[in-house]
Amino acid sequence: MKVVDQLVKILRESAVFNSEVQVAPSCILWPDKDRQWEAIIPRLRDELPELFVLGEYAPEKRVGPAIWLRCVIANQVADVTLPANRVPIFYLPGVSRQDLRAIETCPDLLKPLAELQYRGVIWSQVNAKDWTIMAFLKADQGGIGLDVAQDNDAKSAMQLALYRLLDEELDLLRGKRLDKDYFNTLLTGGDPVRDLLQWLDLGDSFQSTRGENEWKAFVEVCKSQLAFNPQNDGVLAGAHKLAAREGPWYAVWERYSEAPGRYPNIPNRIRQCKPPIFDLFVTVETTGGWPQWNDEQEQSLQRELLTLGHVPAHEARKRVVEFEKNHALRRNLVWVELGESPLAMAIKHLSMVADVTKSGLNAGTLQDLQAGYASQGWRADDAVLAALACVDKVADVEAVAIAIRAIYLPWLEDSARYLQKLVDGSTYPGGTIAGAKPFSAQKGECVLFVDGLRFDTARRLAVTLESRGCEVVETMNWAALPSVTATGKAAVSPVRDKISGADDCDDFEPCVAATGQSLKGGYHLDKLLKKSGWEVLGRTDNGNGQGNAWCEFGDIDSEGHARGWKLAKHINPLLAEVAERIAALLTAGWSRVRVVTDHGWLLMPGKLPKIEMSNDLTDNKWGRCASIKPGASTGERLYPWFWNPHQQFALADGVSCYRRSEEYTHGGLSLQECLTLELVVSQGGAATGKPVLEVTDIAWKGLRCTVAVDGQYERLSLDIRTQAGNPASSVVVSVKPFKENGTASVVVENEEIEGHKAFLVLLGTAGELVYEANTVIGGE
């Protein structure tokens with residue numbers, strides 16, 4: 001029950017009488033000499049249709065002079081009908097009980113009401129005194145029995161906050177000390193820290209949006225709880241205290257850190273303040289609240305990364321690891337969420353590159369290379385993409401690019417040259433069509449071709465699929481040479497046994513073995529597939545899950561050629577689209593989806609090295625491969641074409657390019673271009689008895705929800721929604737990603753929905769729903 005409900009109940013009960021010895025009172029008189037209750041009368045008018053007020057004639061508001069009130073009792077007022085079974089209540093502002101008692105001296109304007117004290121009842125305390133707000137709140141008999149401070153500051157704050165006090169739950173007030181801080185906090189909306197942050201963010205405009213009483217209450221709360229006077233000290237003094245995070249201001253900083261995006265002006269407010277001197281002995285704990293310090297650290301890291309272009313690779317790797325140690329703690333600061341620490345984020349991934357590339361893939365057998373790359377080597381490629389995805393500004397991109405070229409490019413070059421050396425003079429593991437295994441497929445299987453699904457991106461895709469409850473089986477394959485789509489797509493198709501290569505082909509496009517028709521453009525490949533009993537699905541067709549199907553989807557390769565290194569910024573959304581396509585196919589009834597690809601690729605910011613090759617020697621030159629003219633003599637290594645071993649071509653040494661320097665390319669012989677993953681995806685999770693994601697704890701502390709998970713939680717995020725599948729129903733300040741320890745924490749913005757049922761949802765990289773559970777906001 002709310003305070004207003006109890007007030008209404010007590011007012012009405014004052015008219016209760018003993019019918020055996022009394023007659024029903026004609027009215028309830030409510031005297032209020034000091035007009036303490038006047039501010040809440042408009043609200044009570046809604047709760048009490050029988051409430052009338054003494055005052056200037058305004059019948060639409062149920063207000064009128066004494067004689068009019070007498071007419072109300074007599075039911076002689078047009079358009080005013082008393083509610084059935086309700087005794088009218090007459091609120092008398094500026095009138096005391098004593099004014100009515102002294103009939104002889106009673107003002108003429110009140111005399112029509114004087115005799116009602118005998119025919120009605122007066123709502124008063126047991127000691128016959130008029131009810132004051134303080135008395136009503138404190139009194140056990142006739143009041144509501146709360147613990148209220150009685151100092152003048154508390155009384156003043158109580159008077160101002162009375163309107164909002166009406167809506168407070170009475171049970172929550174019992175046992176609580178209601179002092180000036182409580183009433184001032186209530187008047188400011190119940191969340192003084194939020195108000196303080198809004199004031200710091202909005203400055204003077206904050207006061208203009210608040211009433212005079214609310215502003216006074218806000219100032220009093222700040223003075224009491226923070227020893228700070230917004231009126232006298234000003235916004236910049238507050239910003240300085242926020243950044244310093246000392247004493248009670250630490251809690252304010254913690255609140256700011258929960259949702260810094262809500263207060264976009266605060267960082268620049270702090271930048272207007274003079275920070276402490278940042279010496280060699282400062283720590284993140286003492287300086288982390290100052291964006292100026294974080295800016296200096298970013299600039300310092302930028303300069304440090306730029307120096308890596310002038311040192312040997314092994315030394316550069318050591319330095320990168322050291323940089324990571326020095327800057328790792330900055331990733332825990334609010335400036336990361338605000339996008340002001342891109343290099344602190346990038347150095348984490350660069351450190352991974354340094355760690356992986358300190359062990360070369362330039363020794364052992366071909367099997368050793370394959371095993372080394374599959375276990376660890378691919379992580380360097382993945383980390384390069386992750387590092388590049390962190391940066392936007394030209395200077396930051398340059399610093400990260402120099403670091404990548406210093407620690408990754410030599411490793412990339414060495415591993416490619418060693419692989420080429422191993423293959424030269426022996427058999428390439430990808431072989432030729434003559435040695436290719438027959439393509440076998442289960443009934444109900446759909447083959448999904450994804451152009452340019454490199455090994456590391458396939459691993460990312462597998463993680464996403466597993467987090468959604470799919471079962472994924474990985475198989476390593478070597479791409480057909482040269483590692484271009486023209487050659488590779490047909491090589492992974494179900495009809496490869498019906499395809500060959502002409503002796504005079506110089507564009508690496510195979511043809512239909514029976515007719516010699518080129519597969520260029522895809523028409524004849526589709527025709528072969530259909531003739532062999534395979535359904536060919538369009539990009540948005542899902543089929544019915546019957547028989548077998550071939551489907552092409554994904555824009556990784558085209559985006560790579562178009563964007564260069566910036567592919568790193570788009571790879572996750574591109575993979576999320578592929579994951580959605582797979583999910584749609586499985587939902588349509590396909591028992592499993594086999595994901596195949598034609599080749600991987602090389603990506604290098606600042607471009608790959610270029611080597612020259614005379615046009616006189618070549619019929620056609622691609623980025624990393626070239627078809628040699630018949631009879632031409634060249635010192636280049638020559639390799640047999642997958643579709644026709646009599647047709648040979650040259651591949652660029654190491655990771656160089658023939659045609660021009662490029663940031664993204666393929667066609668050559670390297671682990672990144674040629675070692676690929678085939679994924680066989682089926683519905684998994686509970687059906688296989690192997691849950692891939694388990695929520696181990698859901699803990700509420702006030703309006704903050706912290707969730708812990710086990711399993712495949714990489715790149716997942718946490719949200720709270722009123723409708724699980726509707727992003728617009730989110731009730732949190734901001735969606736939060738899971739940390740490395742498997743936890744994430746979000747804050748619900750609206751206090752009024754505490755106790756309401758909601759859904760806890762985990763989201764994938766593209767915002768897709770991965771997991772949902774019921775919860776109660778604030779805890780049960």
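Because the structure is a prediction, the values reported are computed rather than measured.

Caption draft 1: Expanded view of the overall build of the protein. A tally of helices and strands in the protein yields 31 helices and 28 strands. On C-alpha atoms alone, the protein measures out to a radius of gyration of 39 Å, which is more than a quarter above the 28 Å that the 2.2 N^0.38 rule sets for 780 residues. When its C-alpha atoms are laid out on the principal axes, the protein stretches across 135 × 65 × 40 Å. Expressed as a percentage of the 780 residues in the protein, the buried residues total 52%. Nonlocal contacts in the protein, meaning residues at least 24 apart in sequence, comprise 69% of its contacts between residues at least 6 apart. Summing over all exposed atoms, the protein offers an accessible surface of approximately 35100 Å²; the carbon and sulfur share of this is 48%. Charge centroids of the protein, computed over 84 positive and 103 negative side chains, lie 0 Å from each other.

Caption draft 2: View of the sheet that holds strand β24 (residues 717-721). Taking strand neighbours across the sheet as the criterion, the 4 strands line up as β25-β24-β27-β28 in an open arrangement whose pairing is antiparallel. Since the sheet does not close on itself, it has two edges, and those belong to β25 (736-737) and β28 (769-776), each with one partner. By the bridge criterion, 5 bridges tie β24 to strand β27 (residues 757-763) in an arrangement that is antiparallel. In the sheet register, leucine 718 faces β27, and the bridge partner there is leucine 762.

Caption draft 3: The arrangement of the packing of helix α19 (residues 291-306) against helix α24 (residues 394-407) in detail. Contact geometry of α19 with α24 gives a least axis separation of 8 Å together with a crossing angle of 40 degrees. By the angle between their axes, α19 is oblique relative to α24. In this structure, α19 meets α24 at a crossing whose hand is left-handed. Contacts between α19 and α24 involve Gln302, Leu305 and Leu306 on the former and, on the latter, Ala395, Asp396, Glu398, Ala399, Ile402 and Ala403. Residue classes in the contact of α19 with α24 are distributed as 6 nonpolar, 1 polar and 2 charged.

Caption draft 4: Focus on the sheet that holds strand β26 (residues 743-747). Overall, antiparallel pairing links the 3 strands, which are arranged β22-β23-β26 in an open sheet. With one partner strand each, in any of the chains shown, β22 (693-701) and β26 form the two edges of the open sheet. With strand direction ignored, the average angle separating the axes of adjacent strands in the sheet is 20 degrees.

Caption draft 5: Molecular detail of the packing of aromatic side chains. The final tally for this structure, using the stated rule, is 30 aromatic pairs. Measuring from ring centre to ring centre gives 6.2 Å for phenylalanine 52 and phenylalanine 90, while their planes differ by 80 degrees; the resulting arrangement is edge-to-face. Taken together, the positions of phenylalanine 52 in strand β2 (residues 51-54) and phenylalanine 90 in strand β4 (residues 89-93) put the pair 38 residues apart, joining distant regions of the chain. Arranged with centres 5.3 Å apart and planes meeting at 70 degrees, the rings of tyrosine 373 and phenylalanine 455 form a pair that is edge-to-face.

Caption draft 6: The pairing of strand β23 (residues 704-711), seen in detail. With 8 bridges joining them, β22 and β23 adopt antiparallel strand pairing. Residue pairing in the sheet places glutamate 694 in a bridge with aspartate 710 of β23. Connecting the antiparallel pair β22 and β23 is a turn made up of 2 residues, with glycine 702 showing a positive phi of about 65 degrees. Pairing of β23 with β26, which is carried by 5 bridges, proceeds in the antiparallel orientation. By the bridge assignment for β26, threonine 706 is matched with serine 745.

What counts, and where the lines are drawn
- Residues numbered from 1 in each chain as written.
- Predicted model: local features only at pLDDT ≥ 70, side-chain atom pairs only at ≥ 80, totals over all residues.
- Heavy atoms only, no water.
- Helix = DSSP H or I, 4+ residues; strand = E, 2+ residues; numbered from the N terminus.
- Rg over C-alpha atoms; globule rule 2.2 N^0.38 Å.
- Buried < 20%, exposed > 50% of the residue type's maximum accessible area, 1.4 Å probe, protein only.
- Contact = heavy atoms within 4.5 Å.
- Areas by Shrake-Rupley, 256 points an atom, 1.4 Å probe, with all protein chains shown as cover.
- Lys, Arg positive; Asp, Glu negative; His and termini not counted.
- Charge placed at Lys NZ, Arg CZ, Asp CG, Glu CD.
- Pairing = 2+ DSSP bridges.
- Axes fitted to C-alpha atoms, helices over the stretch in contact; angles between N-to-C directions.
- Parallel < 35°, antiparallel > 145°, perpendicular 65-115°, else oblique.
- Left-handed = near helix turned anticlockwise from the far one by under 90°.
- Nonpolar A, V, L, I, M, F, W, Y, C, P; charged D, E, K, R; others polar.
- Phe/Tyr/Trp six-rings, centres within 6.5 Å; stacked < 30°, edge-to-face > 60°.

None of this, on its own, says anything about what the molecule does.
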